[in-house]
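A structural walkthrough
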Amino acid sequence: MLTINEIFHSIQGESTHAGRRCVFVRLTACDLRCSWCDTPYAFHDGRKMELDAIVAEVDRHGCGLVEITGGEPLLQKNVYALMDRFLEDGKTVMLETGGHVDISRVPAAVIKIVDVKCPGSGEAHRMHWANLDRLQPHDEVKFVIRDRADYDYAVDVLHRHDLAARTGAVLFSPVHGVMDARTLAEWVLADRLPVRVQLQVHKYIWDPQTRGV
Ligand code: SF4
């Protein structure tokens, strides 16, 4: 049994898989409160669902790519059984996590998108730094950047942990509607960084406030 906020079929918007069809399974609850969080409705709203019911709902969409997200999906212990089940079914499984929960139990085949929270989120102090040592070549690291201070912080972490060489991608994502994407792009160009400037594609396809996309 897991508490699920929503399951929906949409376009992946925030990784190197952006643009692909994807079924999202959003788990309820988060123990962070990022200042720019765009899914606060996932903090509490949800319904309990059996594993079989979740899998059936996902299968209804006929899509081989599944992303488990939140909230913070790793707060529910049964999430590991859900990941195993999707992998057994031959799906490509992605996991979005806030970076503050130990990722060591996540199955190796799962593609992890691990956030490093910058100071502008108000939650940088919660980072579980050992997670960066557990990244695999197919994993990605995401920095959501609100201002220059966040950018400088992200650049420092990028270099100190050699993230570009050790992961599939390092994503620098501007806070939508707050950080100017062009300014961020110009900083990245000036510093010749081995990162991807990452816009949230779904927020350009649909209204940014739309849920379930
Ligand atoms: S970790 Fe994600 S869901 Fe939790 S507060 Fe931050 S942005 Fe929102």
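Just above sits the structure.
Residues numbered from 1 in each chain as written. Predicted model: local features only at pLDDT ≥ 70, side-chain atom pairs only at ≥ 80, totals over all residues. Heavy atoms only, no water.

1. Some words on the packing of aromatic side chains
Convention followed: Pairs were defined over the aromatic rings of Phe, Tyr and Trp, the Trp ring being its six-membered one, requiring ring centres within 6.5 Å. Orientation was assigned from the angle between planes: stacked under 30 degrees, edge-to-face over 60, tilted for the rest. Elements are defined by DSSP. Helices are runs of H or I of four residues or more, strands are runs of E of two residues or more, and each kind is numbered from the N terminus. Only protein chains enter the calculation, and the probe is 1.4 Å; a residue is then buried if its accessible area is under 20% of its type maximum, exposed if over 50%, and partly exposed in between. Only lysine NZ and arginine CZ atoms are considered, and such an atom sits over a ring when it is within 6 Å of the ring centre and within 35 degrees of the ring normal.
Under the definition given, this model contains four aromatic pairs. Taking the centre distance of 5.1 Å and the plane angle of 50 degrees together, the rings of Tyr 151 and Trp 187 count as tilted. Residue Tyr 151 is located in helix H3 (residues 148–160), and its partner Trp 187 is located in helix H5 (residues 181–191); the two are separated by 36 residues in the primary sequence. Comparing Tyr 151 with Trp 187 shows no difference in burial state: the two are buried. In this structure an aromatic cluster arises from ring pairing among Phe 143, Tyr 151, Phe 172 and Trp 187. Above the face of the Phe 43 ring, Arg 33 is positioned so that its terminal group lies 3.7 Å from the ring centre.

2. Some thoughts on the pairing of strand E8 (residues 169–174)
Inclusion rule: Pairs of strands are assigned from DSSP output, requiring at least two bridges between the strands.
Within E8, six of the six residues are buried, which leaves the element mostly enclosed by the surrounding structure. Across the two faces of E8 the burial is the same, with Ala 169, Leu 171 and Ser 173 and Val 170, Phe 172 and Pro 174 all buried. Pairing analysis gives six bridges linking strand E7 (residues 140–145) to E8, with the strands arranged parallel. The residue bridging Lys 142 from the neighbouring strand is Leu 171, located in E8. The sheet contact formed by E8 and strand E9 (residues 196–197) spans two bridges and is parallel. In the sheet register, Leu 171 faces E9, and the bridge partner there is Arg 196.

3. Remarks on the site of the ligand
Here is the rule: The cutoff for a nearby residue is simple: one of its non-hydrogen atoms must lie within 4 Å of the molecule or strand. Just so you know the grouping, Ala, Val, Leu, Ile, Met, Phe, Trp, Tyr, Cys and Pro go in nonpolar, Asp, Glu, Lys and Arg go in charged, and all remaining residues, Gly too, go in polar.
With respect to spatial proximity, the complete set of residues near the ligand consists of Cys 30, Leu 32, Arg 33, Cys 34, Trp 36, Cys 37, Thr 39, Phe 43, Gly 71 and Lys 117. Grouping the constituent residues of the shell around the ligand by class yields six nonpolar, two polar and two charged.

4. Observations regarding the packing of helix H1 (residues 51–59) against helix H2 (residues 79–88)
The following threshold applies: Axis geometry follows a simple rule: fit a line to the C-alpha atoms, using only the stretch in contact for helices, then measure angles between N-to-C directions, giving values from 0 to 180 degrees. Oblique is the label for any angle not under 35 degrees, not over 145, and not in the 65 to 115 range, which are roughly parallel, roughly antiparallel and roughly perpendicular in turn. By definition, turning the near helix anticlockwise from the far helix through less than a right angle yields a left-handed crossing, and turning it clockwise yields a right-handed one. Any two residues having at least one pair of non-hydrogen atoms within 4.5 Å are treated as being in contact.
Between H1 and H2, the least distance of the axes is 11 Å, while the angle of their chain directions is 45 degrees. Viewed along their axes, H1 and H2 adopt a mutual orientation that is oblique. In this structure, H1 meets H2 at a crossing whose hand is right-handed. From H1, Leu 51, Asp 52, Ile 54, Val 55 and Val 58 reach across to H2, where they touch Ala 81, Leu 82, Arg 85 and Phe 86. Across the contact of H1 with H2, the residue classes tally to seven nonpolar, no polar and two charged.

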